[in-house]
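Fold and contact review
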Amino acid sequence: MQKLEHIRESIKPELAQLNAIIARTLQSESALTNTIVSEYLSTKGKQIRPVLVLLSGKLFGGINEKVLHGGAAIELLHNASLIHDDVIDQSTSRRGNATINSVWNNHVAVLVGDFFVSGALSCAVRTDDVRVLQILSDMGADLALGEIDQIDNARNREITEEVYFNIIRRKTASLFTSCVMVGGISAGASVEEVENLRRYAELLGMCFQIKDDTFDYFSNPEVGKPTGNDLREGKITLPLIYALGRKDLAECEQMNQLVHNPELSEEDITRLVNYAKAAGGVDYAFEKMQALRQEAEQLLDAYPASAMVDAFKQIFNYVIARNK
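Residues numbered from 1 in each chain as written. Predicted model: local features only at pLDDT ≥ 70, side-chain atom pairs only at ≥ 80, totals over all residues. Heavy atoms only, no water.

1. Thoughts on the overall build of the protein
Of regular secondary structure, the protein possesses 16 helices and two strands. Referenced to the eigenvectors of the C-alpha coordinate spread, the extents of the protein come out at roughly 60 × 50 × 30 Å. Residues counted as buried form 51% of the 324 residues belonging to the protein. Restricting the contact set of the protein to residue pairs at least 6 apart, pairs at least 24 apart contribute 75%. As presented, the protein carries roughly 14,900 Å² of accessible surface, and 51% of it is formed by carbon and sulfur atoms. Averaging the locations of the 33 positively and 44 negatively charged side chains of the protein gives two centres separated by 4 Å. (Helix = DSSP H or I, 4+ residues; strand = E, 2+ residues; numbered from the N terminus. Buried < 20%, exposed > 50% of the residue type's maximum accessible area, 1.4 Å probe, protein only. Contact = heavy atoms within 4.5 Å. Areas by Shrake-Rupley, 256 points an atom, 1.4 Å probe, with all protein chains shown as cover. Lys, Arg positive; Asp, Glu negative; His and termini not counted. Charge placed at Lys NZ, Arg CZ, Asp CG, Glu CD.)

As structure tokens, this is what we get:
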């Protein structure tokens, strides 16, 4: 299986250009801001989203300045949301490094996040395409509304599979769809030409979130969060949603009553996690991911065979197989 590292290597010069645009955009006259930004940009993670932008651009005509600035805009807005999320969640680490809020304080972190947003707008303007601005605007709204919906549902712990998918479509998949749309449109494709790839990216984004949610049911130091952490935050994810619907199981009614306790103890959380696994919830989540992958591959088959199409398929495989 072609690994993500190989795909990144195939677009290494263009990815370096995109990252250089981000670094230049975030340069300022503030010494403190420059220090924080430099430290933050030194760890970039897998950069799946910029890769999607660049591959989309290559698929539809080639990577140009508009594609690069559009990709930089999305990555800046995405990172702004992560910085703000760390403040909300009071996180002390991300990608194995201390968060801005833990090193400095919440006040500084929020302002740095805002600075990233201004940088995203600056890059979007440089594409000279109002459609790119509209995509970023819609993406920002979806990211916020998805998180708000999740918080709202966490209050009463009433969530169905349909509601779950609507939430992750907004809070995660919208970012993936924005990547391929900006990449394709900036390369000269029409919205209609990008539609199949947009739906592929939506499926990929939902799969990405489902896989993230399965990490909550196993102890894995590489993931960096304790088992049952989502439940501590009031979040009910797909494995448990499925398990709570297993009316054929003797424990089902008791578990449904337990999950509605306003204050779950550590023992309660352990019981719910173990129940979800025993009831086949994690297996069900993997079945869903495979179904999403199959649909995504069918959508990609509408495009002529190419290295880019193959890379998109391999990215889906990577998302399902990853362990962090």
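On we go from here.
2. Things to note about the packing of aromatic side chains
Centre-to-centre distance and the angle between the planes together describe a pair of aromatic rings. Under the criterion given, the structure shown has seven aromatic pairs. With centroids separated by 5.5 Å and ring planes inclined at 80 degrees, the aromatic side chains of Tyr40 and Phe116 adopt a geometry described as edge-to-face. Separated by 76 residues along the polypeptide, Tyr40 in helix H3 (residues 31-41) and Phe116 in helix H7 (residues 106-126) bring together distant segments of the chain. Overall, Tyr40 belongs to the buried group, its relative accessible area being 13%. Each residue in the set Tyr200, Phe312 and Phe316 is aromatic and connected to the rest through ring pairs, giving one cluster. Across from the ring centre of Phe208, 5.3 Å away, lies the NZ or CZ of Arg49, which sits over that ring. Across the ring face of Phe208, the terminal group of Arg322 is positioned such that the distance to the ring centre comes to 3.9 Å. (Phe/Tyr/Trp six-rings, centres within 6.5 Å; stacked < 30°, edge-to-face > 60°. Lys NZ or Arg CZ within 6 Å of the ring centre and 35° of its normal.)

3. Looking at a nonpolar patch on the surface
On the surface, Leu121, Val125, Val130 and Leu133 cluster together into a nonpolar patch covering about 360 Å² of accessible area. Listing elements by their share of the nonpolar patch, those giving two or more residues are H7 and helix H8 (130-156). By secondary structure assignment, the location of Leu121 is in helix H7. Overall, Leu121 belongs to the partly exposed group, its relative accessible area being 48%. (Patch = residues over 30% accessible without salt bridge, like charges linked within 9 Å, V, L, I, M, F, W, Y side chains within 5 Å. Salt bridge = Lys/Arg side-chain N within 4 Å of Asp/Glu carboxyl O.)

4. Things to note about the state of the cysteines
In total, this model carries zero disulfides according to the counting rule given. Here Cys179 stays free of any disulfide, with the sulfur of Cys123 as its closest cysteine sulfur at 14 Å. Just so you know, Cys207 is unpaired, no disulfide at all, and the nearest cysteine sulfur is the one on Cys179, 16 Å from it. Among the residues examined, Cys207 registers a relative accessible area of 0% and is labelled buried. (Disulfide = S-S within 2.5 Å.)

5. Remarks on the layout of surface pockets
In this model, the second largest pocket occupies a volume close to 230 Å³. Together, 16 residues line the second largest pocket, and Tyr40, Asn97, Ala98, Thr99 and Ile100 are the ones closest to its centre. Listed by contribution, the elements that provide at least two residues to the lining of the second largest pocket are H3, helix H5 (65-89), strand S2 (97-98) and helix H6 (100-103). Partitioned by chemical class, the residues of the lining of the second largest pocket number seven nonpolar, five polar and four charged. (1 Å grid on protein atoms, 1.4 Å probe; cavity = no way out; pocket = protein on both sides within 12 Å on 5 of 7 lines; lining within 4 Å. Points joined across faces, edges and corners; volume = space filled by probe spheres on them. Nonpolar A, V, L, I, M, F, W, Y, C, P; charged D, E, K, R; others polar.)

6. Looking at the environment of Ile167
Following the sequence through the fold, Ile167 ends up in helix H9 (residues 161-186). Classification of Ile167 as buried rests on a relative accessible area of 5%. Separated by 14 residues in sequence, Ile167 and Asn153 have C-alpha atoms that sit 9.7 Å apart. Here Ile167 is in contact with Gly146, Asp149, Gln150, Asn153 and Ile159, once residues within four sequence places are set aside.

7. Structural notes on unusual backbone geometry
Even without a glycine there, the phi angle at Gln47 is positive, about 55 degrees. In this structure, Gln47 sits in the loop between H3 and helix H4 (48-59). The backbone of Gln90 shows a phi angle near 55 degrees, a positive value even though the residue is not glycine. Assignment of secondary structure puts Gln90 in the loop between H5 and strand S1 (93-94).

8. Things to note about the environment of Gly281
Tracing the sequence through the fold places Gly281 in helix H15 (residues 281-300). Owing to a relative accessible area of 0%, Gly281 belongs among the buried residues under this scheme. A sequence separation of 26 residues divides Gly281 from Ala307, and the C-alpha atoms of the two residues are 35 Å apart. Those residues within four positions of Gly281 in sequence are excluded, and the remaining contacts are Pro239, Tyr242 and Ala276.

9. Topic: the pattern of salt bridges
Taken as a whole and judged by the stated rule, the model has 18 salt bridges. Here Arg199 ties to Glu295 by a salt bridge, and the two come within 3.2 Å at their closest N and O atoms. Note that Arg199 is positioned in helix H10 (residues 191-214) and Glu295 in helix H15, a separation of 96 residues in sequence. Taking the relative accessible area as the measure of exposure, Arg199 reaches 22% and is therefore partly exposed. According to the relative accessible area criterion, Glu295 is partly exposed, its value standing at 29%. Put simply, Lys235 and Glu233 hold a salt bridge, and the shortest N to O gap is 2.8 Å. Judged by relative accessible area, which is 38%, Glu233 ranks as partly exposed. Through salt bridges with shared partners, one network takes in Arg169, Glu195, Arg198, Arg199, Glu202 and Glu295.

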